[in-house]
Amino acid sequence: MGSRKPQIAMFPSWGMGHFLPFVEFAKRMSIHHGFAVLIITPPAVKADIRSLASSVPDIRFVDLSAPHLDSLPMTDLPTKFAAMEEYKGPLKDVLGSLKDEISAFVIDFFCAALIESSAALHNPTYVLSTDSASNLCLKFFYDTLDSQTTESLKDMDGPIYPIGPLIRSPDAVHGKSECLNWLDRQPDSSVMYVSFGSMNWFLSPDQTRELALGLEASGHRFLWLLKGDNDVSALLPPGFEMRTRDRGIVWTSWAPQIPILSHPATAGFVSHCGWNSTLESVTNGVPIVPWPVRAEQKTNAFFLVNEIGLGIEPEWGPNWWVGKDEVEKAVKELMEGEKGRKVSMRAAELKESARKALAAGGSSMDILAVVTAQWKKKAS
Ligand code: UDP
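**Student:** Could you give an account of the packing of aromatic side chains, with specific residues and numbers?
**Tutor:** The tally for this structure, following the rule as stated, stands at 12 aromatic pairs. Ring-pair connections join several aromatic residues into one group, and the members of that group are Phe35, Tyr126, Tyr161 and Trp375. Positioned above the aromatic ring of Trp320 is the side chain of Lys298, whose terminal nitrogen or guanidinium carbon lies 4.1 Å from the ring centre.

**Student:** Tell me about the sheet that holds strand E3 (residues 59-63), and name the residues and values.
**Tutor:** Reading across the sheet, the five strands line up as E3-E2-E1-E4-E5 and stay open at both edges, with parallel pairing between neighbours. A single partner strand is all that each edge strand has here, and the edge strands are E3 and strand E5 (125-128). Averaged over all pairs of adjacent strands, the angle between strand axes in this sheet comes to 25°, irrespective of strand direction. Across five bridges, the pairing between strand E2 (residues 36-41) and E3 is parallel. Its bridge partner being in E3, Ile40 is matched across the sheet by Val62. Contacts from helix H17 (residues 363-379) reach strand E1 (7-11), strand E4 (104-108) and E5 within the one sheet, and its direction differs from that of E5 by about 155°.

**Student:** Tell me what's going on with H17, and back it up with residues and numbers.
**Tutor:** Compared with an ideal rise of 1.5 Å per residue, which puts 17 residues at 24 Å, H17 spans 25 Å between its outermost C-alpha atoms and is within 8% of the ideal. Of the surrounding secondary structure, the elements contacted by the buried residues of H17 are E1, helix H1 (16-33), E4, E5 and helix H16 (338-358).

**Student:** Tell me about the layout of surface pockets, and name the residues and values.
**Tutor:** What the largest pocket holds in volume is close to 1600 Å³. Residue lining of the largest pocket: 47 residues in total, with Ser132, Ala133, Pro162, Ile163 and Gly164 positioned closest to the centre. Those elements giving two or more residues to the lining of the largest pocket turn out to be H1, E5, helix H7 (133-139), helix H13 (275-283), helix H14 (297-307), H16 and H17. Take the lining of the largest pocket: its biggest share by element is six residues, from H17. Broken down by class, the residue content of the lining of the largest pocket amounts to 32 nonpolar, 12 polar and three charged.

**Student:** Give me the environment of Ile31: which residues, what numbers.
**Tutor:** Residue placement: Ile31 occurs in helix H1. Once the C-alpha coordinates of Ile31 and Asp58 are considered, the two residues, 27 residues apart in sequence, prove to be 8.8 Å apart.

Parameters and conventions
Residues numbered from 1 in each chain as written. Predicted model: local features only at pLDDT ≥ 70, side-chain atom pairs only at ≥ 80, totals over all residues. Heavy atoms only, no water. Phe/Tyr/Trp six-rings, centres within 6.5 Å; stacked < 30°, edge-to-face > 60°. Lys NZ or Arg CZ within 6 Å of the ring centre and 35° of its normal. Pairing = 2+ DSSP bridges. Helix = DSSP H or I, 4+ residues; strand = E, 2+ residues; numbered from the N terminus. Axes fitted to C-alpha atoms, helices over the stretch in contact; angles between N-to-C directions. Contact = heavy atoms within 4.5 Å. Expected span 1.5 Å × (residues − 1). 1 Å grid on protein atoms, 1.4 Å probe; cavity = no way out; pocket = protein on both sides within 12 Å on 5 of 7 lines; lining within 4 Å. Points joined across faces, edges and corners; volume = space filled by probe spheres on them. Nonpolar A, V, L, I, M, F, W, Y, C, P; charged D, E, K, R; others polar.

Quick look at the structure:
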């Protein structure tokens, strides 16, 4: 093997919930396994997002342009994914120009159509799944698998490498935001953090008001991430901010979610159960009131409540409506009830398991070492 570092190329997808774990994976490959990493992205992934990887010199970005897709707004993700065909040619050119310099190509599930471009060049191609293993099972039609094998997923021979959680550490987030200063002034384990993710998956205006009234009626402290194209005050019940100003804030810009979840004042998380938010809550030992809105979030919520005992579900009405009384009840149960005590204890256990998995000699690190050993062998 020469002195050149082994190198891999990656193609993440656009949304932050997908992009962030790819960057964490690239950092891990570089810092722990000595790889150089090339992240191939559409120009729509802007400099401020790319700067998330700037602390690691071995991570480089390469633009991949497809004029028709580049001109679509970021909000038009479904069309972009549907039009993946347009990236096939440009991607093959980029990968082809690297000749045999890369040991593996790692791609987001949404971009699976591009596997063909890589396979044509005989690059081993891997899908980095940024959602839960259970959801991955669904994608692989687990009913069919289930009927054909008596093995557990974890005993199956090499199809899947559980290398997560791929999330940022609190010290990777720079600068202190005013909402953290506010948290500093709150007592330990007293605040409910409320967020519906990076795209701010909207609840309807009626449902948003109902959530506000429930938070208010609970009497507990809250930090609520509520972003909108227009003035968010219009979404809140009249007088809400004034009545709750001593114990709650509504935060309307990008929030430092990891420092919030790792802050001693944070006791619980009303979450849409995006997979990153779920993992960030687990690794920081914060129990969840699950409020899934779309995509695989309902599966995540089901597992949080029924399988790992980390969640207290609000009572759902028709069409996933949650009345203010149910919001109040779920928040109170988590903050002061017997179930809340149990999920908080469970959260502390899971935090410890996640720490062990990610530590040297932990399952996550060991499994990644197995994969990277194969890739290094190819590079040599
Ligand atoms: N996030 C953040 N600040 C915000 C909103 C979101 O740091 O104001 C981060 C959050 O920590 C998580 C990601 O954005 O890492 C959201 O991913 P997730 O899978 O939870 O949800 P999605 O946004 O993909 O629905």
